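Chain residues, written in single-letter form:
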Amino acid sequence: MREKVIEMLASRGVQVGEIAEIVFSLQREYVPGLSIEDCEESVLAVLDKREAQHALLTGVALDVLAEKDQLPEPLLAIIKRDEPLYGVDEILALAITNVYGSVGLTSFGYLDKCKCGVIGRLNDHAGNRVNTFLDDLIAGVAAAAAARIAHQHGRSYPGVTDGMQAKG
Ligand code: MG
């Protein structure tokens, strides 16, 4: 199942390595010696989780159906416009982040704001592409993979790197 999900992500223009880069940027300050390979391994471990697979399959299916105008109104228009008050995409992504406990929440919120790396590219919705769900889902995967690394290193987890640090 994980390989299917990785294939689907690639078909939507997202490579595992790009998610690993985001994880690395979140964690390198707190984990001495962390490598991009460690981050990639963590992303793959997250993508092994049924919660992550199901959320990704569901959200990307909705994005693709919206692209093809195959959803009923008014849902179609809401998803195509990526309406700011439609929060189901974020809620679905939290199903991924929550797998590693609340420690990933700070990172998820941060990624939602910074639109770092591939998340920003997805959020631009180039051409006819609809990535309303995918950008949040990738943030969810990255936040979960970062939380997993934090747990492995058994340390408190600031989670963000730009002065917005949460305590504890
Ligand atoms: Mg979104």
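So, here's what we can say about the structure. Keep in mind the model is a prediction, meaning the values are calculated, not measured.

As for the nonpolar core
Counting residues in each nonpolar core, the largest one holds 45 residues, and the members touching the most others are I19, V23, I138, V141, A142 and A145. Of all the secondary-structure elements, those providing two or more residues to this core are helix 2 (16–27), helix 3 (36–47), helix 4 (50–67), helix 6 (88–97), helix 7 (105–114), helix 8 (118–123) and helix 9 (134–152). Sort the elements by how many residues they give to this core and helix 9 lands first, with 13 residues. Sequence-distant contacts of A145, that is, excluding residues within four places in its chain, are made with V23, C39, S42, V43 and V46.

What about the environment of F108?
Position of F108 relative to the elements: it lies in helix 7. Judged by local crowding, F108 falls into the buried class, with 25 C-beta atoms found within 10 Å. Each C-alpha atom, one on F108 and one on A143, is 5.3 Å from the other, the two residues being 35 residues apart in sequence. If we skip the residues at most four places from it in the chain, F108 touches L94, T97, A139, G140 and A143.

Regarding helix 1 (residues 2–11)
A small share of helix 1 lies buried, amounting to one of its ten residues. G13, located one to two residues past helix 1, shows a positive phi value of around 85°.

Rules used in this analysis
- Residues numbered from 1 in each chain as written.
- Predicted model: local features only at pLDDT ≥ 70, side-chain atom pairs only at ≥ 80, totals over all residues.
- Core = buried A, V, L, I, M, F, W, Y, C linked by C-beta atoms within 7 Å.
- Buried ≥ 20, exposed ≤ 12 C-beta atoms within 10 Å, placed from the backbone.
- Helix = DSSP H or I, 4+ residues; strand = E, 2+ residues; numbered from the N terminus.
- Contact = placed C-beta atoms within 7 Å.

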